[in-house]
Each structure stands twice: as structure tokens, then as C-alpha cells.
Amino acid sequence: MDKQFFTSNRKQLFKLLPDNSLAIFSATVSDSGSLPVDFEQNANFFYLTGLKIPNAQILLYKNGKTNLSILFIERNIPKMEVWIGKKISQEDAKEISGIEHAFFIDEFPVVLHTYALSSEVCFYDHVANKIEANLTDSLFQLKEIVTHYPALKILHPETFMTILRSQKKGDEIENIKKAIAITKDAIHNLITNTKPGMMEYELEAHFRYECIRNNAKQMAFFPIIASGENATILHYEKNVGKVGSKDLILADVGAKWNEYCADISRTFPANGKFTKRQKEVYNAVLEINKTIINKVKPGLTLYKLQEETIKMMKKALKKLNLIKKDEEFKKYYMHSVSHHLGLHAHDLFDRAKKLEPGNVITVEPGIYIPKEKIGVRIEDDILVTKEGHETLSKDIPKEISDIETIMKK
Ligand SMILES: [Mn+2]
């Protein structure tokens, strides 16, 4: 991605920040002395800098006409180079991010002091519920700021970041498309390698293998591979069940490409052939999936899509002889039909906000029947366009006949 993209993201954020304010964002904290771990960059930090390095920060300062972005990165430690290689230089970090001013992270308190005294508000991107180290570190720094600058009002920048990040630009959409294309191949690899009697983690391996082989080394989230009754647990992530010959398998999976996520669900029969009952349930979900996708256009809210889904779901569940009264629908369909997608699989979003061109959302109805050991979810990724929408995942088969044909080969 071009540094112009990240520069423009900061510019947009400056427009939203009030006068006399600071904003502080942090990269993911990681202990570079220990063995490698799967590094996942903090999404807001990536969005504003394009940098995929740990232990860095960015300070934004707005005062009158002054819009200042200052980057803080780790110092290179020559004796550590043999263990972990060289740290990125200030020049390279400036080049990637388009930020003109760079310091080392240990200089943060001194630089902050210069700007904190002339600021009224500090938007601190305190990162909760992610990695524990990150939480601890950002809490420690926040405490320091509160102690040293008691007049500074502390707020969270999430509202601003939601506005910015829900509006996907060209390169972002290209990244999501690429993540979906790899996910498509990996789902194909998963489906065509499935045999009854396998373990769910073997299927997970077939999915991951194809992603990694295509240089998508990171998953958008932990792959859900759930067979039979396991498919009725919405966020099942154990993947340790044995696939029964009559089971349906629900795969809710997504690769990541250059930090951007795909989020796709497909459901297929272990032995390659749907039973009559499985077909009934599957087609009911498929019809809702298609109808809701067709409704997607600017001006709608996610609330409205959910309302429409529930309306259809009530009818479908009655037809499937699962419920008699409308209000019983929650027994078999209990989640939202849509969320935004981007740097996170569940990206920042506001359910009440009207959809706009550039939004990328999922459409994912499902029906879950534990007593019949059937769980079906069909999830596609949709770009909202001026005219309506574009189904980014339209090439991933979801018709029963297509799935059965693929599995016969
Ligand atoms: Mn989803």
C-alpha cells in the first residue's frame, strides 16, 4: 500500500480531532527477546502508519493550523542483531508511513511533555481485550499521563476510527478481495479433502495449508470447523470432533491479506451428498442469504437487515416444522446477520448508521438445530456500492448442486 494512503488517513483523522488535542496510538507490544510468535499488528496503528513493527507509537498533535504526526520506534541493538535481525531504521519507517518526524520510543515522555502542556484533550487508544502485554503496557503509560498532566482530559478515539475505517478505499478493497480469493482456494482444498471419519483439525489443516501456501500466513480469526452437533455452537473453536459420515460440516473461515480479512462460511456434507432434511434446512438458509444480499444498498442500516432476516427466518422455521409461534425463532437463529469487515473480521462499526458506498459487510444467516445435529450458516462478503452492492465472495460455491459436483470429483 502506498504511503499516500496512510498519510491521507492521518489527514482525515486530524479533521475529526478537536483543536488543542493529542491522539496516541500504539503498535502491538511484543517481547523481541523470546522465540517468534505470530505477530499481529494493532489495526488502528497499521491504519495510520502502514508499519508492521511491534513496540512503536504515534503521537498526533493538533493546535490551530499545526497538524503534527510524530512516530516513535525501537532502537536497533547491535548485539541483538544475531538473534532477531536489525530493527527498522527511522528513515525506512518514515518512508513507509509518510511521517516526517521520528524518534525512539524511550524519547516518548520528553516529546509528549512538549505537546501535552498546550493540549486540552488526549485521545488515547487504550487497547483492551487484545494481547495481555499490550493491555498492561498501555495501562501503565496511561497512568503516567494522567499523573503528570491532570488537566488533560482523556478520551478514547474509537468514534473517529469507526467513521474512518468503515469507509474502505481502493487499496483496502483490493486487499479484502485478495483475502477472499485465497479463502476461496483454501475452502476448495478443505471441501475436496474431506472424508467421513476424519478429525475436524485435519480439515482445519487443509484450510490453513492452502492459505499459507499462498502467502496468507495469518488467519482473520481462528478457523471454525464444526461437524454435526458442533456446528450448532456459534463460535466453536476446538476443532477436535470426529466427522461422522452423515454429518454436515460448517466451516467459518477467513484468510488475511496485508492485514485485511475475509470472513466466509460454507456448509457441506461429509460424504458429499446432502440428505433430504439437510437440503431443506440448507436451502432455507440459502434463500435468506440471497434475499438479504439483494437488499444491500446505501441508506439501509444493519438493524434493518436483521429485521428482514428475522421476518424471513420466522416463516422458514415454521415451514421446517421447528416452531409454531413467531417468538420461538431465537431457539434456532440467535445471532446478527451482518457486521462490517476490514482490518478486523468484526471491524469497527455502528449498527444504527446508514450504509454508504465503500462499506464492506457480511451477510450470514444460519439455522442451528442441536437435536437434529444440524448447523447451517452461509456467509458472504459484500461491498456496498453507489448502485447497490457487489458480492465479493460470489465465486465461492454455495448451491447444493455445485457443492455436490465438487465433492464427487
Ligand atoms: Mn462473520
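Residues numbered from 1 in each chain as written. Predicted model: local features only at pLDDT ≥ 70, side-chain atom pairs only at ≥ 80, totals over all residues.

Colleague: Would you mind showing me how to read the overall build of the chain here?
Modeller: Within the chain one finds 12 helices and 16 strands. The C-alpha radius of gyration computed for the chain amounts to 24 Å, which stays within 12% of the reference 22 Å derived for 409 residues, consistent with globular compactness. The dimensions of the chain, computed from C-alpha atoms along their principal axes, are 70 × 50 × 35 Å. Here the chain holds 409 residues, and the buried ones make up 42% of them. (Helix = DSSP H or I, 4+ residues; strand = E, 2+ residues; numbered from the N terminus. Rg over C-alpha atoms; globule rule 2.2 N^0.38 Å. Buried ≥ 20, exposed ≤ 12 C-beta atoms within 10 Å, placed from the backbone.)

Colleague: Any chance you could explain the pairing of strand β13 (residues 366-369) here in plain terms?
Modeller: Across a regular strand the side chains alternate sides, sitting on one face of the sheet and then on the other. With 4 bridges connecting them, β13 and strand β14 (residues 374-377) associate as antiparallel partners. Following the sheet pairing, Ile369 is matched in β14 by Ile374. The antiparallel hairpin formed by β13 and β14 contains 4 residues in its connecting segment, where Lys373 sits at a positive phi of about 55°. (Pairing = 2+ DSSP bridges.)

Colleague: Got a minute to help me understand the environment of Leu203 in this structure?
Modeller: Considering the arrangement of structural elements, one finds Leu203 in helix α9 (residues 200-213). Once the C-alpha coordinates of Leu203 and Phe329 are considered, the two residues, 126 residues apart in sequence, prove to be 31 Å apart. Residues within four places of Leu203 in sequence aside, it is in contact with Leu190, Thr194, Met198, Ile225 and Ile249. (Contact = placed C-beta atoms within 7 Å.)

Colleague: Which parts of the structure should I look at to understand the domain arrangement of the chain?
Modeller: When the parts come together, some accessible area is lost, and that loss is often what is quoted as the size of the interface. Its domain assignment divides the chain into domain 1 (3-165) and domain 2 (170-408). Domain 1 and domain 2 are separated by 35 Å when their C-alpha centres are compared. Each side of the interface is counted separately: domain 1 has 11 residues, and domain 2 has 10 residues. Looking at the side of domain 1 that touches domain 2, the elements with two or more residues in it are α2 (43-49) and α7 (158-165). Looking at the side of domain 1 that touches domain 2, the element that brings in the most residues is α7, giving 4 residues. (Domains from an automatic or database assignment.)

Colleague: Is there a simple way to explain the sheet that holds strand β15 (residues 380-384) in this structure?
Modeller: Sheets are built from strands that pair by backbone hydrogen bonding, the pairs being arranged parallel or antiparallel. Strand order in the open sheet formed by 3 strands is β12-β15-β16, and the pairing between neighbours is antiparallel. Unpaired on one side and paired on the other, β12 (360-363) and β16 (389-391) mark the two borders of the sheet. Put simply, the sheet's adjacent strands are angled 30° from each other on average, direction ignored. The pairing of β15 with β16 spans 3 bridges and is classified as antiparallel. Residue Val384 lies in a different strand from β16, and its bridge partner there is His389. (Axes fitted to C-alpha atoms, helices over the stretch in contact; angles between N-to-C directions.)

Colleague: How do you make sense of the packing of helix α8 (residues 170-192) against α9 when you look at a structure like this?
Modeller: Angle between the axes and distance between the axes: these two values describe a pair of packed helices. The interhelical angle for the contact between α8 and α9, taken along N-to-C directions, is 145°, at an axis separation of 8 Å. Relative to α9, α8 is oriented so that their crossing is right-handed. Contacts from Ile182, Asp185, Ala186, Asn189 and Leu190 in α8 reach Leu203, His206, Phe207, Tyr209, Glu210 and Cys211 in α9. Classifying every residue of the contact of α8 with α9 gives 7 nonpolar, 2 polar and 2 charged. (Left-handed = near helix turned anticlockwise from the far one by under 90°. Nonpolar A, V, L, I, M, F, W, Y, C, P; charged D, E, K, R; others polar.)

Colleague: I keep staring at α8 and nothing clicks. Help me out?
Modeller: Over its 23 residues, α8 runs 33 Å from end to end, which matches the ideal 33 Å to within 8%, given 1.5 Å per residue. Within α8, the full set of buried residues consists of Glu172, Asn175, Ile176, Ala179, Ile180, Ile182, Thr183, Lys184, Ala186, Ile187, Leu190 and Ile191. (Expected span 1.5 Å × (residues − 1).)

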